[in-house]
Amino acid sequence: SLHDALPIWWASAAYRVSNGNGAPVHSSISFDLTVTSLFTPLLAGRAAHLVPESRGVEGLSEMLVDPGGFSLVKVTPAHLELLSRQVPRAWAPHAARVYVIGGEQLLAEQTRFFQDAAPDAVLVNEYGPTETAVGCCVYAMPPGRHRSGPVPIGRPIANTRLYVLDAFLQPVPVGVPGELFIGGEGVALGY
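Residues numbered from 1 in each chain as written. Predicted model: local features only at pLDDT ≥ 70, side-chain atom pairs only at ≥ 80, totals over all residues. Heavy atoms only, no water.

(A) Up close: the layout of surface pockets. For the largest pocket, the calculated volume is near 270 Å³. As for the largest pocket, its lining consists of 18 residues, of which Gly-102, Gly-103, Glu-104, Glu-126 and Tyr-127 are closest to the centre. Top contributing element to the lining of the largest pocket by residue count: strand β5 (residues 122–127), with three residues. Considering only residue class, the lining of the largest pocket consists of nine nonpolar, five polar and four charged. When its volume is computed, the second largest pocket comes out at roughly 200 Å³. If you trace the second largest pocket, you find it lined by Tyr-163, Val-164, Leu-165, Pro-171, Val-172, Pro-173, Val-174, Gly-175, Val-176, Pro-177 and Gly-178. (1 Å grid on protein atoms, 1.4 Å probe; cavity = no way out; pocket = protein on both sides within 12 Å on 5 of 7 lines; lining within 4 Å. Points joined across faces, edges and corners; volume = space filled by probe spheres on them. Helix = DSSP H or I, 4+ residues; strand = E, 2+ residues; numbered from the N terminus. Nonpolar A, V, L, I, M, F, W, Y, C, P; charged D, E, K, R; others polar.)

Have a look at this one:
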């Protein structure tokens with residue numbers, strides 16, 4: 001069906017949002033990061049927990065401790081670093097099942113606290129510009145594999161295609177730099 005082709009439905013199923021306590025919504029409704037936090041839990045019949053805007057990342061870290069148990073938390077790498085200093089190590093395993101991290105390049109160093117303190121949590125590097133409904137490819141970090149350096153952006157999600165092309169819009173061989181082109185159901189009209 002059409003709704004199964006859309007990235008937000010894919011995310012709700014792929015991140016198993018029906019397991020857990022929904023998701024905290026800690027960013028402005030005008031920020032594309034909010035799409036995953038707000039809509040995936042609602043599609044799965046779970047709650048979207050609104051963090052008061054005035055509380056910022058401190059409000060998010062407090063919510064990860066009480067009530068905690070979230071299905072997913074969508075954050076930027078900078079948020080993840082701040083949370084690593086604010087969430088008590090003993091509570092980290094109970095805060096969330098999945099951390100979806102996007103918005104800027106993710107470095108393994110930024111994930112180290114959650115890799116160590118919450119080894120059962122899934123850390124997902126989600127890449128995608130706003131024009132592709134936020135996430136168009138993902139990489140779930142294998143536990144303990146990445147300790148430093150950039151984390152790969154991964155593979156395309158369902159109904160998405162990625163192409164690495166040269167200046168003449170021709171595919172480049174594996175390992176040759178090029179420009180990333182994105183196609184599929186999640187690309188906004190006009191792009």
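Resuming the write-up.
(B) Inspection of the sheet that holds strand β3 (residues 70–75) at higher detail. Overall, mixed pairing links the five strands, which are arranged β3-β4-β5-β6-β7 in an open sheet. Where the open sheet ends on each side, the last strands, each with one partner, are β3 and β7 (155–156). As defined by bridge partners, strand β6 (residues 137–140) adjoins β7 across two bridges and the pair is classed as antiparallel. Residue pairing for β7: Val-138 is matched across the bridge by Arg-155. Helix α5 (residues 77–86) contacts β3 and β4 (96–101) of the sheet and is inclined by roughly 120 degrees relative to β3. (Pairing = 2+ DSSP bridges. Contact = heavy atoms within 4.5 Å. Axes fitted to C-alpha atoms, helices over the stretch in contact; angles between N-to-C directions.)

(C) A look at helix α4 (residues 56–65). Within α4 the residues assigned to the buried category are Val-57, Gly-59, Leu-60, Ser-61, Met-63 and Leu-64. Against the buried residues of α4 lie β1 (23–25), β2 (48–50), β3, α5 and α6 (92–95). (Buried < 20%, exposed > 50% of the residue type's maximum accessible area, 1.4 Å probe, protein only.)

(D) Representation of the side chain of Thr-76. With respect to the helices and strands, the residue Thr-76 is situated in the loop between β3 and α5. Judged by relative accessible area, Thr-76 falls into the buried class, the value being 8%. Discounting chain neighbours no more than four positions away, the residues touching Thr-76 are Phe-31, Leu-33, Ile-101, Gly-102 and Glu-104.

(E) Molecular detail of the nonpolar core. Membership of the largest hydrophobic core comes to 27 residues, with the highest contact counts inside it found for Leu-64, Val-73, Val-75, Leu-83, Tyr-99, Ile-101 and Phe-114. Secondary-structure elements contributing two or more residues to this core are α4, β3, α5, α6, β4 and α7 (108–117). Non-local contacts of Leu-64, meaning those with residues more than four positions away in its chain, are made with Phe-70, Val-73, Leu-83, Val-87, Trp-91 and Ala-95. Ranked by size, the runner-up nonpolar core spans eleven residues in total, among them Tyr-15, Val-17, Leu-72 and Ile-157. (Core = buried A, V, L, I, M, F, W, Y, C linked by side-chain atoms within 4.5 Å.)

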